[in-house]
Amino acid sequence: MSATSIFISNKQADAISNMSQTINIGEILFEDYDDPSFNSKYIFDGKVLNELYKKITGNPDATYNNVVTEAKNTLNSEYFYTKNQNNALTLTINGLEWNIVYLSTNRQEEPILTLWLANNSQSSIDADYRSSQYNEYGKPSDGITTQPAYPANMYGTSKVRSFVLNNGGFYFTKENGTGKVVVQQSEDNPYAIFTMPNSSTLNGSLYNFIDTPANVAWQETEQSVNYNDYAKNFNNDAYGSIPNETFNSGINYQIPPSGVTDRETTYTAWKNDKLWLPSMAEAGWRQSDYAARGMWNTRPLERGNVGSENSLLRSDVNYNYTHVQTLKPDGSANFNVPASDVNAIRPAFHLNLAKVEEAAARSLALPQDVELEYNGNEQGVESKYSQDFLDSVDIAYYDEGSSTPRATKPKVVGNYTVKYTLKDGYYWSDNLGGA
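Residue positions are given per chain, counted from 1 along the sequence in the order it is written. Local features are withheld for residues below a pLDDT of 70 in this predicted model, meaning they are given only at 70 or higher, and side-chain atom pairs are given and counted only at 80 or more; totals for whole chains, interfaces and linings count all residues. Hydrogens and water molecules were not included; the side-chain quantities draw on all heavy atoms of the structure.

Student: Which residues make up the pairing of strand S5 (residues 96-105), and what values do they have?
Tutor: Note on classification: 1.4 Å probe, protein chains only; a residue is buried when its accessible area is under 20% of the maximum for its type, exposed when over 50%, partly exposed between these limits. Helix and strand labels come from DSSP, where a helix needs a run of H or I of at least four residues and a strand needs a run of E of at least two; each type is numbered from the N terminus. With ten of its ten residues buried, S5 lies for the most part within the structure. Across two bridges, strand S3 (residues 75-76) lies against S5 in antiparallel orientation. The residue bridging Asn76 from the neighbouring strand is Tyr102, located in S5. Pairing analysis gives four bridges linking strand S4 (residues 88-93) to S5, with the strands arranged antiparallel. Counted as the bridge partner of Ile93 is Leu96 from S5. Pairing between strands requires that DSSP locate at least two bridges from one strand to the other. Relative to strand S6 (residues 111-117), S5 runs antiparallel, the two sharing seven bridges. Bridged to Asn99 within S6 is Trp116. In this antiparallel pair of consecutive strands, S5 and S6, the connection spans five residues, and Glu109 shows a positive phi of 65°.

Student: An account of the pattern of salt bridges is requested, with residue identities and associated values reported.
Tutor: Any Lys or Arg side-chain nitrogen located within 4 Å of an Asp or Glu carboxyl oxygen qualifies as a salt bridge. A full pass over the atoms with the stated rule returns 14 salt bridges. Among the salt bridges present, the one from Arg161 reaches Asp273, with a minimum N-O distance of 2.7 Å. Residue Arg161 is located in helix H4 (residues 159-164), and its partner Asp273 is located in the loop between helix H6 (217-221) and helix H7 (280-283); the two are separated by 112 residues in the primary sequence. With respect to class, Arg161 is no different from Asp273; both count as buried. Several salt bridges converge on common partners, so that one network encompasses Glu78, Arg293 and Arg299.

Student: Residue-level account of a nonpolar patch on the surface, with values.
Tutor: Residues enter a patch when their relative accessible area is above 30% and they make no salt bridge; the linking distance is 9 Å between like charges and 5 Å between nonpolar side chains (Val, Leu, Ile, Met, Phe, Trp, Tyr). Computed by Shrake-Rupley with a 1.4 Å probe, the accessible areas treat only the displayed protein chains as cover when residues are assessed. Judged by side-chain polarity, Tyr374, Val412 and Val413 come together as a nonpolar surface patch covering roughly 350 Å² of accessible area. Structurally, Val412 is set in the loop between strand S17 (393-399) and strand S18 (416-422). Here Val412 falls in the exposed class, since its relative accessible area comes to 60%.

Student: Outline the packing of aromatic side chains, supporting the account with residue identities and numerical values.
Tutor: Ring pairs shown here join Phe, Tyr and Trp side chains whose ring centres sit within 6.5 Å, with only the six-membered ring taken for Trp; geometry is labelled stacked below 30 degrees between planes, edge-to-face above 60, and tilted in between. Counted according to the given criterion, the structure contains 25 aromatic pairs. The interplanar angle of 85° and the centroid separation of 5.6 Å between the aromatic rings of Trp285 and Phe335 together place this pair among those described as edge-to-face. Taken together, the positions of Trp285 in the loop between H7 and helix H8 (300-303) and Phe335 in strand S13 (residues 333-338) put the pair 50 residues apart, joining distant regions of the chain. Its relative accessible area of 4% is what places Trp285 among the buried residues. When the ring of Tyr385 is compared with that of Phe389, the centres are 4.4 Å apart and the planes differ by 15°; the resulting orientation is stacked. Both residues of the pair, Tyr385 and Phe389, belong to the buried class. Among the aromatic residues, those joined into a ring-pair cluster are Tyr134, Tyr155, Tyr239 and Trp270. Residue placement shows Arg299 over the ring face of Tyr81; its charged tip is 3.8 Å from the ring centre. Lying across the ring of Trp270, Arg314 places its NZ or CZ 4.1 Å from the centre. The criterion is that NZ of a Lys, or CZ of an Arg, lies within 6 Å of the ring centre and within 35 degrees of the ring normal, and then a charge sits over that ring.

Any functional reading would require information that these geometric values do not contain.
Below is the structure:
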């Protein structure tokens, strides 16, 4: 590959004031990867990925292959925390900092890393997209006895999903299905590189490196009751059918709600989204005795948000049609928030590490002149380098002044030329060519 197309990353994420016990692994994208002149297929910094693999597995010698193995067993936030001296983990993507909360596999058994935006006040996010209503309508009281056609707290037809997170689709301005607003995706949205593919006017898209929930089996059937000490599940958590769709008691709306005939474009539409809000089943909402820390086994410093705003979740309140779930800045739950209230937006997504690894390049220090003492045997430079270096290059030997490689390593006293040719996925640290 042409090493001149690779740049060392130096983008810095905004500081996270409430996450002092946090290790930021660094920016995983090369600087200027989104510049139109950056024509390399390698856009991820392999050296940062190496550090990521070590941190999430707790193995100082971990490689991508170790991650593949661990992902099949799943690893959660608590595991990452304990393996890193009681520090939570984050990484940076194009200047945005994300909590690392879960390692699992997609339906093809490829490793995926689930990331949750660390806070909504980062400078890369325009102010108009930092906070939002769940939906434009919602009643202040819980006294609803007749199920509306499109509940205010149905995530699949919510404004936050279609407009703020730039997934497209539609939402309504009234619960009876009137005032339908069709949303087109926008390249001006700060999340466009996550939700839209590259085009003549959009560069640097990560669309192809992100898996949708439809390709993640555990999101199809997740149930809060399996991870939290609360006797009810929540609508919007799973996109598939789960055993207890009446949710034990109360006036919970059925799945799909009555009056909704097309489940795929309404209730479960979010399963095809690149960005989505976390659920109560995933994130949890309490610290004590692991009783309500969700599938991801999160801690308050991951659930909480900088400032005074609550963080919006996709889960509904399971005894009415108008209220939704949020997390307070201290990481605990606020269970009874009208869908029309404005709250902080902190999306999550699944980063496909198999695809990321294919698009990653790692730098190598330039080789130096080597002197070997004559001993009567064939000798090469291999003994002067680490195995990692030798695995990254092809080596050929030439007699001085010759352009034809030798069939054997040098044996006779003299000067020789050694040619190191980079294998795919590597570049020299000075960016000067491939050999």
